[in-house]
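Fold and geometry: a report
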8 protein chains.
Amino acid sequence: MSFTVYLSGEIHTDWREEIKRGAEAAGLDITFTAPVTDHAASDAAGDHLGETESGFWRDHQSAKVNAIRTRTLIEKSDLVVIRFGDQYKQWNAAFDAGYCAALGTPYVTLHAEGIVHPLKEVDAGAQAWCRTTDQVVETLRYVLKA
Amino acid sequence: MSFTVYLSGEIHTDWREEIKRGAEAAGLDITFTAPVTDHAASDAAGDHLGETESGFWRDHQSAKVNAIRTRTLIEKSDLVVIRFGDQYKQWNAAFDAGYCAALGTPYVTLHAEGIVHPLKEVDAGAQAWCRTTDQVVETLRYVLKA
Amino acid sequence: MSFTVYLSGEIHTDWREEIKRGAEAAGLDITFTAPVTDHAASDAAGDHLGETESGFWRDHQSAKVNAIRTRTLIEKSDLVVIRFGDQYKQWNAAFDAGYCAALGTPYVTLHAEGIVHPLKEVDAGAQAWCRTTDQVVETLRYVLKA
Amino acid sequence: MSFTVYLSGEIHTDWREEIKRGAEAAGLDITFTAPVTDHAASDAAGDHLGETESGFWRDHQSAKVNAIRTRTLIEKSDLVVIRFGDQYKQWNAAFDAGYCAALGTPYVTLHAEGIVHPLKEVDAGAQAWCRTTDQVVETLRYVLKA
Amino acid sequence: MSFTVYLSGEIHTDWREEIKRGAEAAGLDITFTAPVTDHAASDAAGDHLGETESGFWRDHQSAKVNAIRTRTLIEKSDLVVIRFGDQYKQWNAAFDAGYCAALGTPYVTLHAEGIVHPLKEVDAGAQAWCRTTDQVVETLRYVLKA
Amino acid sequence: MSFTVYLSGEIHTDWREEIKRGAEAAGLDITFTAPVTDHAASDAAGDHLGETESGFWRDHQSAKVNAIRTRTLIEKSDLVVIRFGDQYKQWNAAFDAGYCAALGTPYVTLHAEGIVHPLKEVDAGAQAWCRTTDQVVETLRYVLKA
Amino acid sequence: MSFTVYLSGEIHTDWREEIKRGAEAAGLDITFTAPVTDHAASDAAGDHLGETESGFWRDHQSAKVNAIRTRTLIEKSDLVVIRFGDQYKQWNAAFDAGYCAALGTPYVTLHAEGIVHPLKEVDAGAQAWCRTTDQVVETLRYVLKA
Amino acid sequence: MSFTVYLSGEIHTDWREEIKRGAEAAGLDITFTAPVTDHAASDAAGDHLGETESGFWRDHQSAKVNAIRTRTLIEKSDLVVIRFGDQYKQWNAAFDAGYCAALGTPYVTLHAEGIVHPLKEVDAGAQAWCRTTDQVVETLRYVLKA
């Protein structure tokens, strides 16, 4: 049994690598996908299309280019893992959760206990709440191998 | 021409009333809907179902009851207005935006310029970004009456 | 705010009437629908189409006639309440739950604590688990009026 | 011609193995999938996510983890075989049947004659009712090879 | 409880009127719809769009105009009754049955016993097979009033 | 029988009024809808949201506001009439045709014979090609009253 | 470019083989699929499930088994070719056409000129009407290789 | 990461080859698809089906054959690039854009600045507007490799 898992959200720690290493160590047949995680590159994703006058339209142009990648990958996923760190707004992560919920694509969240309350709607639509990347890996191991 | 408009997001200012008053003044035929905006009531939405020991499951229980209302109302809307204030996480608002995007339900955002950058993915999926409730009302007036 | 609520499941107690009375007492604007709850009539729903020799085909013929009503009503519902009693197989109630889950129609369950474990998959897809009809009414009251 | 067949339901007899052996003997090109059939492991599927206070939330946590696997596999299936034994509630099996019905995924049931009547709604939505695993294999043989 | 019922198929007998009279006599709240049943008018449905040289393109032009009516009405129906007479090809009636099957719209067939065998695929997707208009009315009465 | 008909395309002649008058004269129960047909107002639809430096972003901002109206109205239509004049690009009209085709919403085209060839893909997806508004009215009369 | 083409309809002549030979001669990369074309086997498709009292239920049982194969194959097809001969009712072929139309799956018809009129609704939903298997092959060659 | 990209629109310059060469030079794993770009062959796509009396029906017949290819390829695409030249009507290109928008398939446009205004609705639904094939290639490179 193989799975495609999209890793959405926070880009400042190496949680994606931890999950990949854990899945590999467990011998799981998973293809991991992700958004572009290079922050500067992501902000500049649309710059090659032309200069824009204001910050809003630069962001707009880049975000629409990024969406080509992110929405396609989410729609091809069997499961999405959505990570919220303890700082930054990360509204795009919550956006991805809502997107999954409407599509019926299962997702799990990964975040610390301190932000349980503001994430209650996001968690309510999730299949699981994980506090550690080990819990994510164990969830994947169970789903694919048990 | 009549419309159903769902007002999602921030619950600490009276932006919903401003939009309703503006739409009424403009003579628009709009049915406005919204989540439960009484913060304490919303947090306690599931308490009548039984006590839970931890915060996580209390939140879980309440958020799922709230979702009966919010998802149904979003799915019945012609347009969703999503408000982000300048504080609080408001992940549920971003979640609603993603939900709309996947359903193909048009939405507009309402937020100050200072949070344009972290909202770029949310705005990229929106039909319009408004800074003031007057702009929302003018958008509604144009769409329904022009 | 008005709702259409389908009352699925057990037909040997008057739980449907309790919920209707409670909703009326609370002044809720709800249209309640239900399958045919006259057991003998339901079993004979297809008998006018011709005799069948075996029990299987008689059941088959009747169940398909009943499905004209039940599936249409479920698809027109904003919410489904699914009741499991403490006896009988009630596989049709679990079938309705799965049907709702795949459609994305929210449902709540109504059953005693003693059957929590065998109903865990059904409850996992539900928005709430109620033990009493009062809890169902309170859920409806919150969703529609809060 | 190849098929993916999900084997849902009862986990106390070796009916899955009988069908697999029969399909192999018939030289059929079928990928069989199934839920986790180790009862204790399935009940504990969410335990690694943290302790829960009550039986309800433990079941809830585990059932949602199991659903990552089961719903994905059902959605990838060409056909689902749903087995009902002569004891246990097996509401999850009826839930899967309703899920298939709403998706339009064809399913066949496998059960003894004694429970025809309580399963009439489930059977009415099925493409076939089999009493023995040989009949399931013969159905598969016909569909794939005839 | 109200229903919209589309009456598809044979246009040479007054079976539609029989069903309408029966439903009225039973006090049922049903809106009946139908294709254009004036044969000559139906064949000429596209003639106002311009002359065509061959029979094929005249038929093509008319059939596409008729489809504006028929597909819209079928998609708005709660139930479709499909009548096959004992002569004529009536491929359009079988086409409507397939259309309903793919949409998930329930339909019942109305035909004599003599054509059961060639209609087996059509009947297999139906919720009921009626031999008489009385049986159709009784089915409607049960579904709406029982 | 009532219908909702969206009138898409060319805004420089009074073809919409001709169709409305014809439908009224024929006593048809039709609700007609349309995009904003005041050219200057349509181009300025987003100007209240803020100034933009370049033509591209001004157009972008306005077109997205217009889409709130046009897509919602198309999705609520039973039929769309799409008019192509003998000048201007009218890519938005062809865009609407493709939108209808993908949704499965029936549409008819209204254009002169001289542009049949470049419109062949658009006409191939249409239910009818009309040269005059009288033909559109006659099509509507047949569909609703025949 | 590769295609999957389902060959539906008449089973008394070797039109399927003619198309396959033609496609092979043209070097086309097509996977052809079809229903079970052995008439006796198809009628007996459900006999292994148990005896049935009447012709109706025997047909019913077999037709539902056949549908496991036919609907799955149609849903996996890029194109469906539907053949009508000059005798037999072939309502299943018209049923398949309606099924394709509702799914949005393109289909072409293959039949003689003499039955153009009764097939007008079926042809109106088709991408092409072919009179000969050579025309079908040429259509496939163009679509895949031109 | 691999992608399937459909190249829609203008057929008089070699923009498709420029994009393919650029993607190859960048080492991108992309399968490019396209409509039949031989103008004369495309106009004659249905001629093998029989002569038609008028230009309209010849175009109709050919356009429907072409649609077998184009719609299937669009539906299988991860991204569509839609090119508008500075002459010709190219309504089929705008039709494809509307088709993508309704399906939720992301598309980017490729056209000169001079036609920004008439393309505003088409561009509003696009993920990016490119002026050069280099910009398309850079967009693809970012989406697939960044």
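Calculation notes
Along each chain, the written sequence defines residue order, and numbers are assigned to residues from 1. To label them, take the chains in the order written and letter them from A, then take the ligands in the order written and number them from 1. Per-residue local features of the predicted model are confined to residues with pLDDT of at least 70, and side-chain atom pairs are confined, for both listing and counting, to 80 or more; whole-chain, interface and lining totals are unaffected and use all residues. With hydrogens and water set aside, each side-chain value is computed from the structure's full complement of heavy atoms. We call two strands paired when DSSP finds no fewer than two bridges between them. Put simply, DSSP H or I for four residues or longer makes a helix, DSSP E for two residues or longer makes a strand, and each gets a number counted from the N terminus. Note on method: axes are straight lines fitted to C-alpha atoms, helices fitted across the in-contact stretch only, with angles between N-to-C directions ranging 0 to 180 degrees. Here, residues are in contact when the closest pair of their heavy atoms is within 4.5 Å. Note on terms: buried area is the combined drop in 1.4 Å-probe accessible area of two parts once they are placed together, counting the loss on both. Any carboxyl oxygen of Asp or Glu within 4 Å of a side-chain nitrogen of Lys or Arg constitutes a salt bridge here. The term polar contact refers here to a pair of N or O atoms within 3.5 Å; inside protein, the definition further demands a hydrogen-donor-capable atom paired with an acceptor-capable atom, and it admits residues adjacent in sequence only when both atoms are side-chain atoms. Residues below a pLDDT of 70 in either copy are left out; the C-alpha atoms of the rest, at least 70 in both, set the least-squares superposition of the copies. Between 65 and 115 degrees an angle is taken as roughly perpendicular, under 35 as roughly parallel, over 145 as roughly antiparallel, and anywhere else as oblique. Crossing handedness is read from the near helix: turned anticlockwise from the far helix by less than a right angle, it gives a left-handed crossing, and turned clockwise, a right-handed one. Type-normalised accessible area, obtained with a 1.4 Å probe on protein chains alone, sets the label of each residue: buried when under 20%, exposed when over 50%, and partly exposed for intermediate values. Here, the term right-handed applies to a crossover whose path from the first strand over the helix to the second runs clockwise when the strands point away from the viewer.

As recorded in an unreviewed UniProt entry, chain A goes by YtoQ family protein and comes from Flaviflexus salsibiostraticola.

Notes on the sheet that holds strand S3 (residues 79-83) of chain E
All names here are of chain E. Pairing is parallel in the open sheet, where five strands are placed in the order S2-S1-S3-S4-S5. Here the strands that pair on one side only, and so sit at the sheet edges, are strand S2 (30-33) and strand S5 (128-130). Recorded for the sheet is a direction-independent mean angle of 25° between the axes of neighbouring strands. For strand S4 (residues 107-110) and S5, the ladder comprises three bridges, and the chain directions are parallel. When the sheet's bridge partners are listed, Val-108 is paired in S5 with Ala-128.

Comments concerning the interface of chain B and chain A
The interface of chain B with chain A comprises 35 residues on the first partner and 35 residues on the second. Taking both sides of the interface into account, the surface hidden between chain B and chain A amounts to around 3200 Å²; carbon and sulfur atoms contribute 70%. Of all residues in chain B, the largest losses of buried area upon contact with chain A belong to Phe-56, Trp-91 and Phe-95 of chain B, amounting jointly to 23% of the total for that side. Counting across the chain B and chain A interface gives two salt bridges. Between Lys-120 of chain A and Asp-43 of chain B there is a salt bridge, with the nearest N and O atoms lying 3.3 Å from each other. Summed over the shared surface of chain B and chain A, the number is eight residue pairs in polar contact (both at pLDDT 80 or more). Broken down by secondary-structure element, the contributors of at least two residues to the side of chain B that touches chain A are helix H2 (39-43), helix H3 (55-75), helix H4 (91-103) and helix H5 (120-124) of chain B.

Side note on the relation of the copies chain F and chain B
Here chain F sits on chain B after a turn of 90° about the axis and a move of 0.0 Å along it, with an RMSD of 0.0 Å. When the rotation and shift are considered jointly, the pair of chain copies conforms to a four-fold rotation axis. Ranked by how close their C-alpha atoms come to the rotation axis, the residues of chain F are headed by Lys-76 of chain F, at 8.9 Å.

A word on the environment of Val-122 of chain H
Assignment of secondary structure puts Val-122 of chain H in helix H5 (residues 120-124). In this structure the C-alpha to C-alpha distance between Val-122 of chain H and Ile-82 of chain H, which are 40 residues apart in sequence, comes to 9.7 Å.

Concerning the packing of helix H3 (residues 55-75) of chain E against helix H3 (residues 55-75) of chain H
In contact at an axis separation of 12 Å, H3 of chain E and H3 of chain H are set at 65° when each is read in the N-to-C sense. As judged from the angle between their axes, H3 of chain E and H3 of chain H are roughly perpendicular. Crossing geometry of H3 of chain E relative to H3 of chain H is assigned as left-handed. On H3 of chain H, the residues that touch Trp-57, His-60, Gln-61 and Lys-64 of chain E of H3 of chain E are Trp-57, His-60, Gln-61 and Lys-64 of chain H.

Concerning the sheet that holds strand S4 (residues 107-110) of chain H
Strand pairing in a sheet takes place through backbone hydrogen bonds and is either antiparallel or parallel in direction. Residue and element names in this part refer to chain H. Strand order across the open sheet formed by five strands is S2-S1-S3-S4-S5, with parallel pairing between neighbours. Two strands in the sheet have a free side with no partner beyond their single neighbour: strand S2 (30-33) and strand S5 (128-130). Looking at each pair of strands side by side, their axes are set apart by 25° on average, direction ignored. Where strand S1 (residues 3-9) lies against S2, four bridges are found, and the strand directions are parallel. Its bridge partner lying in S2, Tyr-6 is registered against Thr-33.

Some words on the pairing of strand S3 (residues 79-83) of chain A
Residues and elements named next belong to chain A. Of all five residues in S3, five are buried, a share of seventy percent or more. Of the two faces of S3, the one holding Leu-79, Val-81 and Arg-83 and the one holding Val-80 and Ile-82 are both buried throughout. Pairing analysis gives five bridges linking strand S1 (residues 3-9) to S3, with the strands arranged parallel. Its bridge partner lying in S3, Val-5 is registered against Leu-79. By the bridge criterion, four bridges tie S3 to strand S4 (residues 107-110) in an arrangement that is parallel. Along S4, the bridge assignment pairs Val-81 with Val-108. Between the parallel pair S3 and S4, the chain is carried across by helix H4 (residues 91-103), and the sense of this crossover is right-handed.

Considering the side chain of Ser-42 of chain C
Tracing the chain through its elements places Ser-42 of chain C in helix H2 (residues 39-43). When its relative accessible area of 11% is taken as the criterion, Ser-42 of chain C is described as buried. With residues up to four places along the chain from it excluded, the contact list for Ser-42 of chain C reads Val-36, Ser-62 and Asn-66 of chain C together with Tyr-142 of chain E.

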